[in-house]
Amino acid sequence: MAEVILMPRLSDTMTEGVIAAWHKHVGDNVKKGDLLAEIETDKATMELESYQDGVLLHIGTPDGGKLQVNDLLAILGKPGEDISELIKQHSGGAAAPAQQPALAAPVVAEPAPTAAPATASSGLDISAMEEVVLMPRLSDTMTEGVIAGWHKNIGDAVKKGEVLADIETDKATMELESYKDGILLYQGAKAGEKILVNDLLCIIGKEGLDVAAIVAAAKSGGAQPVATAATAASAPAAQPAPAPATIAAPVAETVVNEGRIFASPLARKMAAEKGLDLRYIKGSGDNGRITKTDIENYVPAAATAAPAAKPATTAAAPAVTGQVSFTDVPVSQMRKVIAKRLSESLFTAPHFYLTMSINMDAAIEARAKMNEVAKVKISFNDMVVKATAMALKQNPKVNSSWMGDFIRYNNHINIGVAVAVEDGLLVPVVRFADGKSLSQIGAEVKEYAQKAKDKKLQPADWEGSTFTISNLGMFGIDQFTAIINPPDSCILAVGGISEEPVVKNGQIVPGNVMKVTLSCDHRVVDGATGAAFLQTLKQLLEEPVRMLV
């Protein structure tokens, strides 16, 4: 069945997007992860990837065209599939209201109590309603968001520009502002819960608005989190029914999950709070995934008996004094994307590594003199950033990206500086670093580092790098290798400065040595090209006066 792609909200203030360029054309095969288009927002030009396989059957507007958020962007499906009704439905055609009940009917036919209201509201197009707020895509890689906290409660008056909620994305926690005045009538999830991009986040309108109809329409559209909440709320009397079956069934007393256990983060959290062992709980979701409902309906008959047996075991074996224990922590959005992007990089880009030792005696002396007059304290990392930018200017082939069908050689130099934060890693970008002084670079890097730790970085702060530096020298690491940060073709891993014996004028003397390792994508950069870049970097750091010319 054909799938509709709507124009995503790629920044917290975006209301429309301009198609900077389509990377796929109608009739082209599209694979999950392929770049569909570049979309110009109010803050940056961002890449939109496909989240499924199929053939591109329709595009909403050509290059240079504008689309409002949630307008029809594209349709993916099978070759020859009839998409005329989908186009009418998402372009305000007369056929839209008539078509929607037919699509919604199979979804709401199962539960009898909710069939009538859902059918009555199935003609609603919630994406076009002013009162409806959908979960925005606040970063280019975001697929779902976690409600870190609500700033408004149901019944509160909301004004345009006021902060509704804090939303944790895969890269940062961002504030979501209201785009209209009204009263907060509905919240799609509680603090700590997840909502998929474009699912119902909240409803803001006037008193008397039929909220139930809108929620039912969202549920009939396949919004999983909303459907679960609505079912639980509309049929509280039905929930105790499975409990006797669970108590009576012998399955509850046996291990039903072995090895890796699939469970939602909320289910894991609830199980931990109740002291339940997920091995004994049978999941009702896809692939046996344990859900919130499974936790609520589970009565730990076998688990209750298990503790009674333990004292006897302990008494029989008094020598055992330890206890096996562990803590399961749900994977954060940021960690999910770090895992996805770096796994793709390592297993897609053929990495090779070049290591060089650099004598930092002159750099240490120069830094001490510069800091006597500099307004902002200059660090060794700032000197590495500046030297790297100048080395890239002299070795432009390293400042490149593999684009699949072509190689992009960047004429500008934007250096990403990896910053460790509590939840993972962020890479803010120092733009046009080759044209900035050491003091400017130092001030900018310090500002970005603080914003990263305070979770105040915006998408425009971490997008557009052409080269990345990862420095672990301050943690006492002498040498390491780093994974390339796509779409860059190289990343420089910088170790600490250590005192080592070096040979000068035929004599062994103490020297301050720093080791750097360049990770290269062999599809773009060859060994000789990477070596030439490192030689230039070495010359600049061993004679810092070159950076001032």
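Please refer to the structure placed before this passage.
Residues numbered from 1 in each chain as written. Predicted model: local features only at pLDDT ≥ 70, side-chain atom pairs only at ≥ 80, totals over all residues. Heavy atoms only, no water.

(A) Quick peek at the environment of Val-545. Structurally, the position occupied by Val-545 is in the segment after α15 (527–542). Sequence separation between Val-545 and Ala-362 is 183 residues, and the spatial gap between their C-alpha atoms is 9.3 Å. (Helix = DSSP H or I, 4+ residues; strand = E, 2+ residues; numbered from the N terminus.)

(B) Spotlight on the packing of aromatic side chains. As enumerated under the stated definition, the model contains 1 aromatic pair in all. Ring centres of Phe-467 and Phe-533 lie 5.5 Å apart, and the angle between their planes is 45 degrees; this geometry places the pair in the tilted category. Residue Phe-467 is located in strand β24 (residues 467–471), and its partner Phe-533 is located in helix α15; the two are separated by 66 residues in the primary sequence. The class for Phe-467 is buried, based on a relative accessible area of 0%. Above the ring of Phe-380, the side-chain terminus of Arg-367 is found at 4.5 Å from the ring centroid. (Phe/Tyr/Trp six-rings, centres within 6.5 Å; stacked < 30°, edge-to-face > 60°. Buried < 20%, exposed > 50% of the residue type's maximum accessible area, 1.4 Å probe, protein only. Lys NZ or Arg CZ within 6 Å of the ring centre and 35° of its normal.)

(C) Main features of the packing of helix α12 (residues 380–394) against helix α13 (residues 438–453). Contact geometry for α12 and α13: axes closest at 9 Å, N-to-C directions at 115 degrees. Handedness of the α12/α13 crossing: right-handed. Counted together, Asn-381, Asp-382, Met-383, Val-385 and Lys-386 of α12 and Leu-438, Ile-441, Gly-442, Val-445 and Lys-446 of α13 form the full contact between these two elements. Across the contact of α12 with α13, the residue classes break down as 5 nonpolar, 2 polar and 3 charged. (Axes fitted to C-alpha atoms, helices over the stretch in contact; angles between N-to-C directions. Left-handed = near helix turned anticlockwise from the far one by under 90°. Contact = heavy atoms within 4.5 Å. Nonpolar A, V, L, I, M, F, W, Y, C, P; charged D, E, K, R; others polar.)

(D) Examining the pattern of salt bridges more closely. In total, this model carries 16 salt bridges according to the counting rule given. Between Lys-336 and Glu-144 there is a salt bridge, with its nearest N and O atoms 2.8 Å apart. Linking Lys-336 in helix α10 (residues 333–348) with Glu-144 in strand β10 (residues 144–150), this pair joins segments that are 192 residues apart in sequence. Since its relative accessible area comes to 35%, Lys-336 is described here as partly exposed. Glu-144 gets classed as buried once you look at its relative accessible area, which sits at 13%. Among the ionic pairs, Lys-504 bridges to Asp-361, the shortest N-O distance being 3.2 Å. Of this pair, Lys-504 sits in strand β25 (residues 490–504) while Asp-361 sits in helix α11 (residues 361–373), and the two are 143 residues apart along the sequence. By sharing partners, the salt bridges in this structure join Glu-144, Lys-194 and Lys-336 into a single network. (Salt bridge = Lys/Arg side-chain N within 4 Å of Asp/Glu carboxyl O.)

(E) Layout of the sheet that holds strand β16 (residues 200–205). Taken in spatial order, the 4 strands of this open sheet run β9-β16-β14-β11, and their pairing is antiparallel. The strands lining the two open edges of the sheet, one partner per strand, are β9 (132–134) and β11 (157–158). The sheet contact formed by β11 and strand β14 (residues 182–187) spans 2 bridges and is antiparallel. Paired with Val-158 across the two strands is Gly-182, which belongs to β14. (Pairing = 2+ DSSP bridges.)

(F) Here's a closer look at a nonpolar patch on the surface. Side chains of Leu-346, Phe-347, Tyr-353 and Ile-483 sit close together on the surface and give an oily, nonpolar patch of about 400 Å² of accessible area. Within the secondary structure, Phe-347 sits in helix α10. (Patch = residues over 30% accessible without salt bridge, like charges linked within 9 Å, V, L, I, M, F, W, Y side chains within 5 Å. Areas by Shrake-Rupley, 256 points an atom, 1.4 Å probe, with all protein chains shown as cover.)

(G) Quick look at helix α7 (residues 265–274). By the burial criterion, the buried members of α7 are Ala-267, Met-270 and Ala-271. Projected onto a plane normal to the axis of α7, the buried residues spread over an arc of 100 degrees and lie on a single side. For α7, the exposed residues set more than 90 degrees away from the buried face come down to Ala-272 and Glu-273. Turning to α7, the residues buried within the fold contact α8 (292–297). One or two steps after α7, the chain reaches Gly-275, where phi turns positive at roughly 70 degrees. (Arc of directions from axis to C-beta.)

(H) Region of interest: the sheet that holds strand β4 (residues 35–40). The antiparallel open sheet is built from 4 strands, whose spatial order is β5-β4-β2-β7. Looking at which strands have only one partner, the edges of the open sheet turn out to be β5 (45–49) and β7 (66–68). Averaged over all pairs of adjacent strands, the angle between strand axes in this sheet comes to 40 degrees, irrespective of strand direction.

(I) Fine view of the pairing of β4. Most of β4 is tucked away: 5 of the 6 residues are buried. Where strand β2 (residues 16–22) meets β4, 4 bridges bridge the pair, whose relative direction is antiparallel. Within β4, the position partnered with Ala-21 by the bridge is Glu-38. Summarising the sheet, β4 and β5 pair through 5 bridges and their orientation is antiparallel. Residue pairing for β5: Glu-38 is matched across the bridge by Glu-47.

(J) Expanded view of α10. Taking 1.5 Å per residue as the helical rise, α10 with its 16 residues ought to reach 22 Å, and the 22 Å between its terminal C-alpha atoms agrees with that figure. Looking only at α10, the buried set comprises Gln-333, Met-334, Val-337, Ile-338 and Ser-345. What you see down the axis of α10 is that its buried residues fit within an arc of 130 degrees, all on one side. Buried-residue contacts for α10 involve β10, β12 (163–168), β15 (194–196), β17 (351–359), β21 (419–421) and β22 (424–426). (Expected span 1.5 Å × (residues − 1).)

(K) Highlighting the nonpolar core. Counting residues in hydrophobic clusters, the biggest one holds 42 residues, and the most contacted among them are Ile-415, Phe-467, Leu-492, Val-516, Leu-534, Leu-537 and Leu-541. Looking at this core element by element, the count peaks at 8 residues for α12. Leaving out residues up to four positions away in the same chain, Leu-534 has contacts with Leu-354, Met-356, Leu-492, Val-516 and Leu-518. Counting 30 residues, the second largest nonpolar core, distinct from the first, contains Met-142, Leu-164, Ala-189 and Val-421. (Core = buried A, V, L, I, M, F, W, Y, C linked by side-chain atoms within 4.5 Å.)

(L) Just the side chain of Thr-388, in detail. Locating Thr-388 in the fold gives a position in helix α12. Non-local contacts of Thr-388, meaning those with residues more than four positions away in its chain, are made with Ile-415, Phe-467, Ile-469, Leu-492, Phe-533 and Leu-537.

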